[in-house]
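Chain by chain, the residues run as shown.
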Amino acid sequence: MVQDRGVPNTQGFVDFVVEQLDGLGDVTVRPMFGGHGFYLGRAFFAIVYDDRVYLKTGDATRGWYEEQGMGTFRPHERQDIKSYHEVPPDAVEDREKLADLAAAAVRIAEAGA
């Protein structure tokens, strides 16, 4: 599925994701890709685009996202960033699940995968 709707993130959603990740540490957010990039230290581990959360994935985590039927980050039809997968909405709502997924994404980002 191509996410080429061009709808900006709502600040409320970005704030919600930051709150959901408050146990992860000092997460910083920067505007990018027409959305927002999330960092823990220097590790770029998440993208929020069109009010959807995408986390950095690697060999150890990619399969779980695919099993959930979640696609990769596609800001437009000619660009597919396969190292970031969409987080299922129910996992975004579950603070503990999102924190676990984000922690794995941070480890992958820190490892340079």
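Residues numbered from 1 in each chain as written. Predicted model: local features only at pLDDT ≥ 70, side-chain atom pairs only at ≥ 80, totals over all residues. Heavy atoms only, no water.

A. Highlighting helix 1 (residues 11–20). Restricting attention to buried positions, one finds in helix 1 the residues Phe-13, Val-14, Val-17 and Gln-20. Looking straight down helix 1, one finds its buried side chains confined to an arc of 120°; they lie on one side. (Buried < 20%, exposed > 50% of the residue type's maximum accessible area, 1.4 Å probe, protein only. Helix = DSSP H or I, 4+ residues; strand = E, 2+ residues; numbered from the N terminus. Arc of directions from axis to C-beta.)

B. Structural view of the pattern of salt bridges. Throughout the structure, instances matching the rule amount to 4 salt bridges. With its nearest N and O atoms 3.5 Å apart, the salt bridge here joins Arg-52 to Glu-86. Taken together, the positions of Arg-52 in strand 4 (residues 52–56) and Glu-86 in strand 6 (residues 79–86) put the pair 34 residues apart, joining distant regions of the chain. Taken individually, Arg-52 and Glu-86 each receive the classification buried, so the pair is uniform in this respect. The partner of Asp-80 in a salt bridge is Lys-82, with the nearest N and O atoms 3.2 Å apart. (Salt bridge = Lys/Arg side-chain N within 4 Å of Asp/Glu carboxyl O.)

C. Focus on the pairing of strand 4. In terms of residue burial, strand 4 counts as a mostly covered element, since 5 of its 5 residues are buried. Judged from the 4 bridges that link them, strand 3 (residues 43–49) and strand 4 form a sheet pairing that is antiparallel. Across the sheet, residue Val-48 finds its bridge partner in strand 4, namely Val-53. Hairpin remark: strand 3 followed by strand 4, antiparallel, with 2 residues in the connecting loop; positive phi at Asp-50, about 55°. Bridge count between strand 4 and strand 6: 3 bridges; the pairing is antiparallel. Counted as the bridge partner of Tyr-54 is Glu-86 from strand 6. (Pairing = 2+ DSSP bridges.)

D. Main features of the sheet that holds strand 2 (residues 35–40). Read across the open sheet, the 6 strands follow the order 1-2-3-4-6-5; overall the sheet is antiparallel. With partners counted over all chains shown, the strands left at the sheet margins are strand 1 (27–32) and strand 5 (72–76), one partner each. On average, each strand axis in the sheet is inclined to that of its neighbour by 40°, with strand direction left out of account. Relative to strand 6, strand 5 runs antiparallel, the two being bridged by 3 bridges. Each residue of the ladder has a partner; that of Thr-72, found in strand 6, is His-85. On top of the sheet, helix 1 reaches strand 1, strand 2, strand 3 and strand 4; it is set at about 15° to strand 2, its chief contact. Sheet contacts for helix 4 (residues 95–111): strand 2, strand 3 and strand 4; angle to strand 3, the most-contacted strand, approximately 130°. (Axes fitted to C-alpha atoms, helices over the stretch in contact; angles between N-to-C directions. Contact = heavy atoms within 4.5 Å.)

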